[in-house]
Amino acid sequence: MNQYIPPKVWTWNKPNGGEFASINRPIAGPTHDKELPVGKHPLQLYSLATPNGQKVTIMLEELLALGHKGAEYDAWLIKIGDGDQFGSGFVEVNPNSKIPALMDRSEPKPVRVFESGSILTYLAEKFGEFLPTERAARAETFSWLFWQMGSAPYLGGGFGHFYAYAPEKIEYAIDRFAMETKRQMDVLDRRLAESEYLAGPDYTIADMAVWPWYGGLAKGRSYNDAHQFLSVHEYKNVQRWADAIDARPAVKRGRMVNRMSGDPAFQLRERHDASDFETKTQDKLQAAE
């Protein structure tokens, strides 16, 4: 194999990113004009059911399950493989062109919120749920929330990319990020050996942030056979925690929203009303065609 020698100055002269090469670029800003749709509810979500997208739909469904009618929302599908995130309307909501992005139109002046951890915090504070008010418990919640924000790129953009998506298998890269992913799983396993949930005895936005990434890996939903490659069955406390969150009805609903893959019965590509879970999943739409 020819050794790569970096040039003095890097230039963008060829596609890069394997499966995602068509949407990777070294500049920000919109690529085309496209306004975002606006539905009937105060909260307008523009997203896709990646782990980061699932965090927010799970939070919204949990809030609705507690009776917060103000948490009703429209969830619009953003097809990141098609470059929807580079439309002018989306970039106005999130200049970083990443899902999820939220507009809260219940305020006198609409509020944009981007980055999944920021959206979870915003909703928790708006509705007074899933974020403790006691100082130490609040700090513990934020510590694990920000742990996820800093750690998951090593799991997704690191391990997941080189193991499942890169155009060639690079032993050094896979070994490097497999080691880090297993270290992170051990961090979680040790914490969950002493605590029912990440921030303590109560389910919080920290769990909602971490679960789609690490719970998904634990349950074999991520990066093909990565669960076997990484022996995730060994992390018994993570498995217990992942199963407990998996069983929550709001989590089951949240995982369905903006989903484009898997069983059509569990794909609700757009969500505009609670009844959509019963009438507008992809299997029912296909049957009606």
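What counts and how
Residues numbered from 1 in each chain as written. Predicted model: local features only at pLDDT ≥ 70, side-chain atom pairs only at ≥ 80, totals over all residues. Heavy atoms only, no water. Salt bridge = Lys/Arg side-chain N within 4 Å of Asp/Glu carboxyl O. Helix = DSSP H or I, 4+ residues; strand = E, 2+ residues; numbered from the N terminus. UniProt positions renumbered as here; feature names shortened; annotations may be inferred. Phe/Tyr/Trp six-rings, centres within 6.5 Å; stacked < 30°, edge-to-face > 60°. Buried < 20%, exposed > 50% of the residue type's maximum accessible area, 1.4 Å probe, protein only. Lys NZ or Arg CZ within 6 Å of the ring centre and 35° of its normal.

Novice: I'd love a proper account of the pattern of salt bridges, names of residues and values included.
Specialist: Under the counting rule described, the total for this entry stands at 16 salt bridges. Note that Glu125 and Arg138 form a salt bridge whose closest N and O atoms lie 2.8 Å from each other. Highlighted residues: Glu125 in helix H3 (residues 116-127) and Arg138 in helix H4 (residues 135-165), separated in sequence by 13 residues. Between Asp186 and Arg190 there is a salt bridge; the shortest N-O distance is 2.8 Å. Of this pair, Asp186 and Arg190 are both found in helix H5 (residues 171-194), four residues apart, which corresponds to roughly one turn of the helix. Because the salt bridges share partners, they merge into one network encompassing Glu61, Glu72, Arg253 and Arg271.

Novice: Got a sec to walk through the UniProt feature "domain: GST C-terminal" (unreviewed entry) in the protein chain? Specific residues and values, please.
Specialist: Within the UniProt annotation, "domain: GST C-terminal" (unreviewed entry) is assigned to residues 134-266. Measuring from the first to the last C-alpha atom of residues 134-266 gives 38 Å, for a span that is 69% helix and 0% strand.

Novice: So what's going on with the UniProt feature "domain: GST N-terminal" (unreviewed entry) in the protein chain? Residues and values would help.
Specialist: In this numbering, the UniProt entry assigns the feature "domain: GST N-terminal" (unreviewed entry) to residues 44-131. Annotated as residues 44-131, this span is 38% helix and 19% strand, and its ends, taken at the C-alpha atoms, are 22 Å apart.

Novice: I'd love a proper account of the packing of aromatic side chains, names of residues and values included.
Specialist: Taken as a whole, this structure holds 12 aromatic pairs when the rule is applied. Ring geometry for Phe130 against Tyr203: centres 5.8 Å apart, planes inclined by 80°, an arrangement best described as edge-to-face. In this pair, Phe130 is assigned in the loop between H3 and H4 and Tyr203 in the loop between H5 and helix H6 (205-218), connecting sequence segments 73 residues apart. Note on Phe130: relative accessible area 13%, which makes it buried. The class for Tyr203 is buried, based on a relative accessible area of 9%. Taking 5.9 Å as the distance between ring centres and 5° as the angle between the ring planes, the aromatic pair formed by Phe162 and Phe177 counts as stacked. With Phe162 in helix H4 and Phe177 in helix H5, the pair connects residues that are 15 residues apart, well separated along the chain. Assessed through its relative accessible area of 22%, Phe162 is described here as partly exposed. An aromatic cluster is built from Phe159, Tyr163, Tyr165, Tyr223 and Phe229, whose rings are joined through pairwise contacts. The aromatic ring of Phe86 is capped on one face by Arg25, whose charged end is 4.4 Å from the ring centroid. The ring of Tyr73 carries the charged tip of Arg271 above its face, separated from the ring centre by 4.2 Å.

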